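# Coordinates in review
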Amino acid sequence: MTILEAAQQIQPQLVQLRRQFHAHPEVSQHEQETARRVLEELQAIGGYTIRTGISGNGILADLEGGQPGPKVALRADMDALQITEETGLPFASENPGVMHACGHDNHITMLLGAARLLAQRKDQLKGSVRLIFQPAEELSPVGGSRGMMAAGALEDVDAVFGLHVWPELPMGTFGTKAGPLMASSDHFSVYIDGRSSHGAKPDAGIDAVVAGSQFVTAAQTIVSRNTDPLQSAVITIGRFQGGTRYNIVAGECELEGTCRTFNPKIRELAEHRLKEVLDGVCTLSGCTGELKYEHGYCSVMNDPKQADYLLKTASELFGAEKAVTVEEPSMCAEDFAFYLTEKPGAFAWLGTALPEEEAWPLHNCHFTAPEDILWRGAALLAQLALGMPG
Ligand code: NI
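What you are looking at is a predicted structure, and each value in this text was computed from that prediction instead of being measured.

This next bit is on the pairing of strand 1 (residues 49-54). In this structure, strand 1 lies alongside strand 2 (residues 58-64), joined through four bridges in antiparallel fashion. Each bridged residue has a counterpart across the sheet, and for Arg51 the counterpart in strand 2 is Leu60. Here strand 1 hands over to strand 2 after three residues, with Ser55 in that stretch at a positive phi of 45°.

A separate point is the packing of helix 8 (residues 304-318) against helix 10 (residues 373-386). Two quantities define a packed helix pair, namely the angle between the helix axes and the distance between the axes. At a minimum axis separation of 10 Å, helix 8 and helix 10 run at an interaxial angle of 125°. In terms of their interaxial angle, helix 8 and helix 10 are classed as oblique. At the point where helix 8 passes helix 10, the crossing takes the right-handed sense. Contact with helix 8, carried on its side by Tyr309, Leu310, Thr313, Ala314, Leu317 and Phe318, involves Trp375, Arg376, Ala379, Leu380, Gln383 and Leu384 of helix 10 and no other residues of that element. When the residues that make up the contact of helix 8 with helix 10 are grouped by side-chain class, the tally is nine nonpolar, two polar and one charged.

Looking now at the packing of aromatic side chains. Tallied over the entire structure, the rule returns eight aromatic pairs. For the pair Tyr297 and Phe338, a centre-to-centre distance of 5.9 Å together with 85° between the ring planes defines the contact as edge-to-face. One end of the pair, Tyr297, is in strand 13 (residues 288-297); the other, Phe338, is in helix 9 (residues 337-342), with 41 residues separating them in the sequence. No difference in accessibility class separates Tyr297 from Phe338, as the two residues are buried. Each member of the aromatic cluster is reached from another via a ring pair, and the members are Phe174, Phe318 and Trp375. The aromatic ring of Phe338 is capped on one face by Arg146, whose charged end is 3.9 Å from the ring centroid.

Coordination of the nickel ion by the protein is provided by Cys102 (SG), His104 (NE2) and His164 (NE2), with metal-donor distances spanning 2.1 to 2.3 Å. Mapped onto the sequence, the donors of the nickel ion take the spacing C-x1-H-x59-H. You can call Cys102 buried: its relative accessible area is 6%.

Right, let's get into the pattern of salt bridges. Applying the stated criterion across every chain yields a total of 21 salt bridges. Residue Glu371 is joined to Arg18 by a salt bridge in which the shortest nitrogen-to-oxygen separation is 3.9 Å. Of this pair, Glu371 sits in the loop between strand 16 (345-353) and helix 10 while Arg18 sits in helix 2 (residues 11-23); the two residues are 353 residues apart in sequence, bridging distant segments of the chain. Like Glu371, the residue Arg18 is buried in the burial classification. Taking the shortest distance from any N to any O, the salt bridge between Arg19 and Glu371 comes out at 2.7 Å. Of this pair, Arg19 sits in helix 2 while Glu371 sits in the loop between strand 16 and helix 10, and the two are 352 residues apart along the sequence. Residue Arg19 is classed as partly exposed on the basis of its relative accessible area, which comes to 36%. Through salt bridges with shared partners, one network takes in Glu33, Arg36, Arg37, Glu40, Glu41 and Arg116.

Backbone-to-backbone hydrogen bonds pair the strands of a sheet. The strands run either parallel or antiparallel. With antiparallel pairing, the four strands of this open sheet are ordered in space as 10-12-8-13. At either end of the open sheet lies a strand with only one pairing partner, and these are strand 10 (233-242) and strand 13. Recorded for the sheet is a direction-independent mean angle of 15° between the axes of neighbouring strands. Docked against the sheet, helix 6 (residues 208-226) engages strand 8 (184-193), strand 10 and strand 12 (252-261), running at close to 175° with respect to strand 10. Seen against the sheet, helix 7 (residues 264-285) touches strand 8, strand 10, strand 12 and strand 13 and runs at an angle of roughly 165° to strand 13.

Here is what the cut-offs are and how they apply
- Per-chain numbering applies: the sequence of each chain, read as written, is numbered from 1 onward.
- Residues qualify for local features only when their pLDDT is at least 70, as the model is predicted, and side-chain atom pairs are given and counted only at 80 or more; totals for whole chains, interfaces and linings, by contrast, use all residues.
- Computation of side-chain values: all heavy atoms of the structure, hydrogens and water removed.
- For two strands to pair, DSSP has to find at least two bridges joining them.
- Numbering of helices and strands starts at the N terminus; helices are DSSP runs of H or I of at least 4 residues and strands are runs of E of at least 2.
- Lines are fitted to the C-alpha atoms to define the axes, a helix being fitted only along its stretch in contact, and any angle between axes, read from their N-to-C directions, falls within 0 to 180 degrees.
- An angle counts as roughly parallel when it lies under 35 degrees, as roughly antiparallel when it exceeds 145, as roughly perpendicular when it falls between 65 and 115, and as oblique in every other case.
- In this scheme the crossing of two helices becomes right-handed for a clockwise turn of the near helix relative to the far one and left-handed for an anticlockwise turn of less than a right angle.
- Contacts are assigned to residue pairs that have any heavy atoms within 4.5 Å of one another.
- In this count, Pro and Cys sit with the nonpolar residues alongside Ala, Val, Leu, Ile, Met, Phe, Trp and Tyr, while Asp, Glu, Lys and Arg are called charged and the others, Gly among them, polar.
- Each aromatic pair joins two rings of Phe, Tyr and Trp (for Trp, the six-membered one) with centres within 6.5 Å, and gets the label stacked for planes under 30 degrees apart, edge-to-face for over 60, and tilted for any other angle.
- Each residue is assigned to one of three classes by its accessible area relative to the maximum for its type, calculated with a 1.4 Å probe on protein chains only: buried under 20%, partly exposed between the two thresholds, exposed over 50%.
- Look at NZ for Lys and CZ for Arg. If either is within 6 Å of the ring centre and within 35 degrees of the ring normal, a charge sits over the ring.
- Distances define the donors: N, O and S atoms within 2.8 Å of the metal qualify, as do those within 3.2 Å of Na, K or Ca. Water is excluded, so some sites may look unfinished.
- Salt bridge, as used here, is a side-chain nitrogen of Lys or Arg placed within 4 Å of a carboxyl oxygen of Asp or Glu.

Now the structure itself:
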C-alpha cells in the first residue's frame, strides 16, 4: 500500500478526531483536554515514547525507526482563539466564546495522522521522528515554541517541519518558499502625559490628544522615509485613546500598535525611531511620553534546502501543480519561527480554498477547512520523515 492509500484509509478516523478537536477548543495555556485527547490517541497508536506536560500542555512523542538515520521533528500547535464561532457546522464549538478559528484543530489531527502512518512504517523509517504538540502559539509575544525548545524539543533534531492551513491557496495545494515566509511581529504601547484644562483655555493645559495625533502622523514616516523601499515593513497604530469630555483639553492619551517585517535590522530601526519620534513630539508639545516596545515572534526563515525538500516531497506525492513556490511571504506571524532559529527546516501552507465557496480568512468566526485536507497533510508530514536523506 502506498502512503497515500494508507492516508486515505485512515481519513474517517481523522475526520472524527478533527471534529472532536473543533467542538472542544481551548485557548492558549488551557489546552488540557486537547492534550489529553492527543495523548490518548498516541497511546492507541502505540510505539511512541511520550513525554507530557512539557512547558504547560505540550507533548513530545518519539518514534525510533528500524534503520539508522536523521531525526526529523514535526510540529502542530494546539490552541484556539477567543472568538464566538458562527460557522453553523454540526460540530461547531461547544465552548462559548472560544473557537478553532486559526485551524489548529486540523494541525493536531494531521500530525496524529502522520503519527499513525509512521508507526505503520516504523521498519522503513531511517532514523527517528519527534512529534511536537505545542501549546500557546497564539500567545504572542510569549508563544509556546520557546518553552518546548527550552524543554529539549529540538535536541538531536536534524530538521523541523510544520504546516498551517491557508485560505489563500486552493484546497490541497502546499505552498512555501526559501527564506522569509512570515513576518516578525512586535507590539508597542505609547503613553503621553500632558495637562488637562478647560476646552476654552487650551493655553492653561498641554493637549495630549494633539501630541498623540502628531505622533501617529510622524510615525508614518518611519516606514515611508527611514526604511529601504525594497524591504517590507508595516507599522500600524490600532488603538488611540485619550480625553474624557468634549470640552476638556485631554491630559493624557494612550496608543498601541504593531510592527511587522522580515528584516531584524528594520525591527531595531522601528523601535529606535518610534522612541525618537515620541521624544520629538514631546519636545514640541511639552508633554512627557513613554514607549514600551515588546519583541514578539521573529520572522519565519525557511532553510532553502528544506523548503525545496518539502516542495519536492509534496510534488512527488500529489503532483507538481499541488506544490507551489509562493511568490510573496505573509505579514502574519508564527511562533514556529523560533524553531528555525535553532535548526534547519521549513514551514509550509496547506491550501483550504474551494472554488465554489467563500474563503473566509484565518481568525474569522466563519473560518473552517475542508476535511479533505486532513489525509493529505498527514501523508505529507509522514513522508517528510520517511524520505529525509541521511
Ligand atoms: Ni495559526
